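Report on the structure
Here are the chains, one letter per residue:
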Amino acid sequence: MRQTIVKMAAGVAGVLVAGSMLLPVSPASAQGTVATPACGNADLHATYRATDAGMSHRYGRIVLRNVSDHSCRTGGYGGLSYVGRGNGTQIGAAADRTPSKVRSIVLQPGQRVVSAVSATVAGVYSHHQCRPAHVDGFRVYVPNETRSQFVKHPTTGCRNQSVHLISHKAYRRP
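Presented here is an overview of the structure given in this document. Residue indices begin from 1 for each chain and proceed along its sequence in written order. For a predicted model such as this one, the threshold for reporting local features is a pLDDT of at least 70, and the threshold for listing and counting side-chain atom pairs is 80 or more; totals across whole chains, interfaces and linings nevertheless cover every residue. Excluding hydrogens and water, the side-chain values take into account all heavy atoms of the structure.

Disulfides are defined as pairs of cysteine sulfur atoms found within 2.5 Å of each other. Taken as a whole and judged by the stated rule, the model has two disulfides. What pairs with Cys 39 in a disulfide is Cys 72, and their sulfur atoms sit 2.0 Å apart. Judged by the sign of its S-S torsion, about 90°, the cystine formed by Cys 39 and Cys 72 is right-handed. Of this pair, Cys 39 sits in the loop between helix 2 (27-35) and strand 1 (44-54) while Cys 72 sits in strand 3 (residues 72-74), placing them 33 residues apart in sequence. Buried residues are those whose accessible area, probed at 1.4 Å on protein chains only, stays under 20% of the maximum for their type, while exposed residues exceed 50% and partly exposed ones sit between those limits. The class for Cys 72 is buried, based on a relative accessible area of 0%. Between the sulfur atoms of Cys 130 and its disulfide mate Cys 158 the distance is 2.0 Å. An S-S torsion of about -100° defines the bridge between Cys 130 and Cys 158 as left-handed. Separated by 28 residues along the polypeptide, Cys 130 in helix 3 (residues 127-130) and Cys 158 in strand 10 (residues 149-158) bring together distant segments of the chain. Helical segments are the DSSP runs of H or I of at least four residues, strand segments are the runs of E of at least two, and each set is numbered from the N terminus.

Listed below in structure tokens is the structure:
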């Protein structure tokens, strides 16, 4: 009787575990994911790649590459804004977050993730509403970090904080 109860309990536990996961995960792989440290600012190097333009918008992507010698975990949204004046002063509003699927991603050394970026051309707004300003590039915060990186991207932004020129999606694999 005791063996039957133990087998039934093991079977129920197996069903509960299987029902709570979308894909089978072995204990070893589950432990590997948990043991993988979060990617910090020093682990990831940010760059920008322009991809397309049209209808007063420019499109591109922020690329984060794992430059460390170990695997690390990242994902979700980072932070993004225009900066200028040659000293990193934020120009205008920070980027809006475009709704997208948030994933936890383990990056091996050399691997990368991307965040799609959409930027409205400042000239769409009146001079009075926008208050145009030269932009040196982006301030990029990797997910869950408080220190930022500078990515060169000269353009024109709006000093008016109520004008939102840039938006971006959650990081994903390319």
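Still to come is the rest of the account.
Attention now moves to unusual backbone geometry. The phi torsion at Met 55 lies on the positive side, around 50°, for a residue other than glycine. By the secondary structure assignment, Met 55 is in the loop between strand 1 and strand 2 (57-66). Residues other than glycine seldom take positive phi values, yet Asn 144 does so here, at roughly 65°. Looking at Asn 144, the relative accessible area reads 79%, which means it is exposed.

Before going further, it helps to examine the nonpolar core. Buried together is how nonpolar side chains tend to be arranged in soluble globular proteins. Side-chain atoms within 4.5 Å link the members of a nonpolar core, which is a set of buried Ala, Val, Leu, Ile, Met, Phe, Trp, Tyr and Cys residues. Among the nonpolar cores identified, the biggest contains 29 residues, and Ile 62, Leu 64, Leu 80, Tyr 82, Phe 138, Val 140 and Ile 166 are the most heavily contacted of them. Contributions of two or more residues to this core are made by strand 1, strand 2, strand 4 (79-84), strand 7 (105-107), strand 8 (112-120), strand 9 (132-141) and strand 10. Any two residues having at least one pair of non-hydrogen atoms within 4.5 Å are treated as being in contact. With sequence-adjacent residues up to four places away left out, Tyr 82 is seen in contact with Thr 89, Gln 90, Ile 91, Ala 119, Val 135, Gly 137, Phe 138, His 153, Thr 155, Gly 157, Leu 165 and Ile 166.

The next point concerns the pairing of strand 9. Any two strands with at least two DSSP bridges between them are considered paired. The pairing of strand 4 with strand 9 spans five bridges and is antiparallel. Among the inter-strand pairings, Leu 80 is bridged to a residue of strand 9, identified as Val 140. Relative to strand 10, strand 9 is paired through eight bridges, and the arrangement is antiparallel. Pairing of Gly 137 across the sheet is with Lys 152, part of strand 10.

Our focus in this paragraph is the sheet that holds strand 10. An order of 5-4-9-10 is seen for the four strands of this open sheet, with the pairing classed as antiparallel. Of all the strands in the sheet, the pair left with one neighbour each is strand 5 (89-91) and strand 10. With strand direction ignored, the average angle separating the axes of adjacent strands in the sheet is 50°. Axis definition: a line fitted to C-alpha atoms, over the contacting stretch in the case of helices. Angles run 0 to 180 degrees between N-to-C directions.

Stacked, edge-to-face and tilted are the three classes for Phe, Tyr and Trp ring pairs, Trp counted by its six-membered ring, which pair at centre distances within 6.5 Å; planes under 30 degrees apart are stacked, over 60 edge-to-face, the rest tilted. Across all of its chains, the model carries two aromatic pairs by this definition. When the centroid spacing of 5.1 Å and the interplanar angle of 50° are considered together, the rings of Tyr 48 and Phe 138 count as tilted. Pair noted here: Tyr 48 is in strand 1 and Phe 138 is in strand 9, with a separation of 90 residues, a long-range link. Residue Phe 138 is classed as buried on the basis of its relative accessible area, which comes to 1%. One aromatic cluster in this structure is built from Tyr 48, Tyr 82 and Phe 138.

Here we take up the sheet that holds strand 2. One open sheet accounts for five strands, arranged 1-2-8-11-6; its pairing is mixed. Because the sheet does not close on itself, it has two edges, and the strands there are strand 1 and strand 6 (96-97). Sheet topology note: the strand 2/strand 8 ladder contains nine bridges and is antiparallel. Of the residues in strand 8, the one forming a bridge with Val 63 is Val 114.

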